[in-house]
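# Structural overview for review
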Amino acid sequence: MGHDEIEEMEQIGEVPKKDYHDPPPAPFFGLDELKLWSFYRAIIAEFVATLLFLYIGVLTIIGYASHIGEDECGGVGVLGIAWAFGVMIFILVYCTAGISGGHINPAVTFGLFLARKVSLPRAVLYIVAQCLGATVGVALVKASQPTYYDQYGGGINSVSDSFSKLDAYAAEIMGTFFLVYTVFSATDPKRNARDSHIPILAPLPIGFAVFMVHLATIPITGTGINPARSFGAAVVHNKAKAWEDMGIFWFGPFIGAAFAAVYHQFVLRGGAARAYGSIRSHTTSV
């Protein structure tokens, strides 16, 4: 149904009913959640999912680096690394979406918090669980491949010598904006109502977004777009280079997530228009 048709129906008093339900905003503090087992189950799910994500991701990076040392044409290549991260996100979001929402990324959690999709305690504890899970995941890689891990850099994020810090900030902000924008769009209630018979559709574009961002930004920063991924790798590697650019891999993704939340909530979902209409209505009544 087009916009003109809806306006015409509104004029004659026949406004079509929505075929979807917008969930109410999450409470800011939501302390009642702390009494629920489902709350802690979700935190555990985020911990385990981020652990698996980093374990497979960093192991893929180190495996590729070890093959390059022996054979320039060997290994999975940048394309393979991008596939590993993208497919892991697709699988893990599919597995955990019904339990925790399948964030697996502090930037995603931050964006959803700004959009009032999760409460402050849930957001904070999710981020803590994600960072701990990432650290444990990388530690397992180091424990299983200690020689290769130390020799090939531990899968840390750092700014390439060919690019400036401004380039790195731009890559992290834009990459995370694209990812979080995809998360909002893929989980929009309107889309869920239309595509509810195909539950695989939400995790799939999110995984592809991670894949595409990795293809674009691996040469610049090694692709962060996930502060837990960068933090976990830095904690376990614990060399100066791992911490040198850590601010970029926290502030960049959080800025990108904030832009995505504002864009989706106030532009695409009409939050700004509704706020403007409410102001006009109040002004008129006065």
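Computed from a prediction, not measured in an experiment: that's the story for all the values here. (Residues numbered from 1 in each chain as written. Predicted model: local features only at pLDDT ≥ 70, side-chain atom pairs only at ≥ 80, totals over all residues. Heavy atoms only, no water.)

Counting 43 residues, the largest nonpolar core has Phe53, Ile89, Ile104, Leu179 and Ile206 as the members making the most contacts within it. Elements with a contribution of two residues or more to this core: α2 (37-70), α3 (77-96), α4 (106-114), α5 (120-144), α7 (165-186), α9 (203-221), α10 (227-237) and α12 (246-268). If near-sequence neighbours (up to four positions away) are discounted, Ile89 is found in contact with Phe53, Ile104, Ile206, Gly207 and Val210. (Core = buried A, V, L, I, M, F, W, Y, C linked by side-chain atoms within 4.5 Å. Buried < 20%, exposed > 50% of the residue type's maximum accessible area, 1.4 Å probe, protein only. Helix = DSSP H or I, 4+ residues; strand = E, 2+ residues; numbered from the N terminus. Contact = heavy atoms within 4.5 Å.)

Turning next to the packing of α3 against α9. One way to put it is that α3 packs onto α9 with a least axis distance of 8 Å and a crossing angle of 155 degrees. Viewed along their axes, α3 and α9 adopt a mutual orientation that is roughly antiparallel. Helix-helix and strand crossings are classified by hand; for α3 and α9 the assignment is right-handed. Side by side, α3 and α9 meet where Val78, Leu79, Ile81, Ala82, Trp83, Phe85, Gly86, Ile89, Phe90, Val93 and Tyr94 of the first sit next to Pro203, Leu204, Ile206, Gly207, Phe208, Val210, Phe211, His214, Leu215 and Ile218 of the second. Its residues assigned to classes, the contact of α3 with α9 comprises 18 nonpolar, three polar and no charged. (Axes fitted to C-alpha atoms, helices over the stretch in contact; angles between N-to-C directions. Parallel < 35°, antiparallel > 145°, perpendicular 65-115°, else oblique. Left-handed = near helix turned anticlockwise from the far one by under 90°. Nonpolar A, V, L, I, M, F, W, Y, C, P; charged D, E, K, R; others polar.)

Those places that UniProt annotates as "transmembrane region" (unreviewed entry) correspond, in this numbering, to residues 43-65, 77-102, 123-141, 168-186, 198-220 and 248-268. Note that residues 77-102 is 77% helix and 0% strand, and that its end C-alpha atoms are spaced 27 Å apart. The span residues 123-141 carries 100% helix and 0% strand; its end-to-end C-alpha distance comes to 27 Å. (UniProt positions renumbered as here; feature names shortened; annotations may be inferred.)

So, about the packing of aromatic side chains. On inspection of all chains with the given rule, the structure shows 15 aromatic pairs. A ring pair is formed by Phe39 and Tyr40, whose centres lie 5.2 Å apart and whose planes are at 85 degrees; its orientation type is edge-to-face. The buried category is assigned to Phe39, whose relative accessible area is 0%. Relative to Tyr181, the ring of Phe177 has its centre 6.1 Å away and its plane inclined at 15 degrees; by these criteria the two rings are stacked. (Phe/Tyr/Trp six-rings, centres within 6.5 Å; stacked < 30°, edge-to-face > 60°.)

This part covers the environment of Ser230. Note that Ser230 resides in helix α10. C-alpha of Ser230 to C-alpha of Thr135: the two residues are 95 residues apart in sequence and 9.4 Å apart in space.

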